[in-house]
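Survey of secondary and tertiary structure
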Amino acid sequence: KVKELSGNDYQFYTSAMDKRTMDNVKLETSLYRALDLNEFLVVYQPQFDYKHKKIIGVEALLRWNHSSKGMIPPGQFIPLAEETGLIVQIGEWVLKQSCKQLKEWQDKGFKHFTISVNVSAQQFNKKDFVTMVKNILAETQLDPSYLELELTENLIIQNTEETLSKMSELKKLGIKISIDDFGTGYSSLGYLRNFPINTLKIDRSFINDVCHDSKNAAITNTIITLAHNLNLHVIAEGVETKDQIDFLSSSNCHLVQGFYFSPPIKADDFFEKYLN
Ligand code: C2E
Ligand code: MG
Ligand code: MG
Ligand code: MG
């Protein structure tokens, strides 16, 4: 027999739920103000070609420095930003900030690496997405060939016609496109034939125990071979150990990003550490 809730349990349950809802409402209210209050910042994680021992890119990752809660990771507020539609404005801010930052580094003489910016489906699906990107490039004076947009497979299966035409426009501008978290989405491989993609980013979940789980090793090797055969770049995300690097190296994947090399860091620290 299923245990029935006593009156007290019920009371407890609803007030716990209310609290959760209230917390979310509060978070949502402060998310609305976060842009105006300047609470967002972008941190940068280097992407390395460890065979040639050089930085080939940097991924821009958003952080929210909340006035009372401190640093809130994107996993906690990006879903809320997507639900509320705020991701469109926030994403535009991240893109502008990132382009401005790379241009600043380039003006100091460092023109050998790209900047990768995450784009959420809702943002990409806006009618004026390409225009928005163009405007930011014009405003920041960044050469489009140094910008890479990270899209996900799930984005690609929505409005495929429109997505393809937007991606083609972006490619014409010289912008590069990578598929983030590759291998975890719902899409078929067929899109790799038709869409102008430059890079596959192997999801962290495959790299995580690539040395101890033969299935993850098989999937990782397959993605690397797939990329090579299609003439795409391939980069491994979430590389944390030397063993993982050795594995990737013997599988001919030389582009890596992960804590083994560096976590995402602030712009000044990035400059000090890698460009100075
Ligand atoms: P992502 O685009 O796949 O970014 C990589 C995530 O993996 C980052 O988490 C990064 O800090 C983390 N990471 C990097 N190397 C390692 C490693 O060696 N080990 C482990 N355990 N983690 C590593 P972060 O910064 O918390 O971002 C999480 C996700 O939030 C991102 O995943 C991306 O999907 C989203 N996100 C971040 N910034 C933005 C943004 O500006 N716009 C949008 N739309 N999404 C963003
Ligand atoms: Mg990413
Ligand atoms: Mg992502
Ligand atoms: Mg990823």
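What comes next is a walk through the structure. Keep in mind that what you see is a predicted model, and the values were worked out from it rather than measured. (Residues numbered from 1 in each chain as written. Chains lettered and ligands numbered in written order. Predicted model: local features only at pLDDT ≥ 70, side-chain atom pairs only at ≥ 80, totals over all residues. Heavy atoms only, no water.)

Donor atoms from the polypeptide that bind the magnesium ion (ligand 2) are Glu 59 (OE), Asn 118 (OD1), Glu 150 (OE) and Asp 180 (OD), placed at 2.0 to 2.3 Å. Spacing between the donor residues of the magnesium ion (ligand 2) along the chain follows E-x58-N-x31-E-x29-D. Taken as a pair, the magnesium ion (ligand 2) and the magnesium ion (ligand 3) show a spacing of 3.4 Å, with Asp 180 coordinating each metal. With Glu 150 in strand 5 (residues 147-152) and Asp 180 in strand 6 (residues 176-182), this residue pair connects regions lying 30 residues apart in the sequence. Among the residues examined, Glu 150 registers a relative accessible area of 1% and is labelled buried. Exposure remark for Asp 180: the relative accessible area of 7% places this residue in the buried category. (Donors = N, O, S within 2.8 Å, 3.2 Å for Na, K, Ca; no water. Helix = DSSP H or I, 4+ residues; strand = E, 2+ residues; numbered from the N terminus. Buried < 20%, exposed > 50% of the residue type's maximum accessible area, 1.4 Å probe, protein only.)

This next bit is on the pairing of strand 5. The buried count for strand 5 comes to five of six residues, which makes it a mostly enclosed element. Inspection of the sheet shows strand 4 (residues 114-118) paired to strand 5 by four bridges, in the parallel sense. In the strand pairing of strand 5, Ser 116 is matched with Glu 148. Relative to strand 6, strand 5 runs parallel, the two being bridged by five bridges. Bridge pairing links Glu 148 to Lys 176 in strand 6. (Pairing = 2+ DSSP bridges.)

Within strand 6, five of the seven residues are buried, leaving the element largely enclosed by the surrounding structure. In the sheet, strand 6 pairs with strand 7 (residues 199-202) via three bridges, with the strands oriented parallel. Within the sheet, the bridge partner assigned to Ile 179 lies in strand 7 and is Leu 200.

Here we come to the site of ligand 1. Looking at ligand 1, there are 22 residues lining it, with Asn 118, Asp 180, Arg 204, Glu 240 and Phe 259 nearest. The separation between an oxygen atom of ligand 1 and a polar side-chain atom of Glu 59 is 3.1 Å. In the environment of ligand 1, an oxygen atom lies 2.8 Å from a nitrogen or oxygen atom belonging to the side chain of Asn 118. In isolation ligand 1 offers 800 Å² of accessible surface; the protein chains occlude 81% of this area. Mapped onto the shell around ligand 1, the elements with two or more residues apiece are strand 2 (54-66), helix 2 (74-84), helix 3 (87-107) and strand 6. Taken together, the residues that form the shell around ligand 1 break down as nine nonpolar, five polar and eight charged. (Near = heavy atom within 4 Å. Polar contact = N/O pair within 3.5 Å; in protein donor to acceptor, adjacent residues only side chain to side chain. Areas by Shrake-Rupley, 256 points an atom, 1.4 Å probe, with all protein chains shown as cover. Nonpolar A, V, L, I, M, F, W, Y, C, P; charged D, E, K, R; others polar.)

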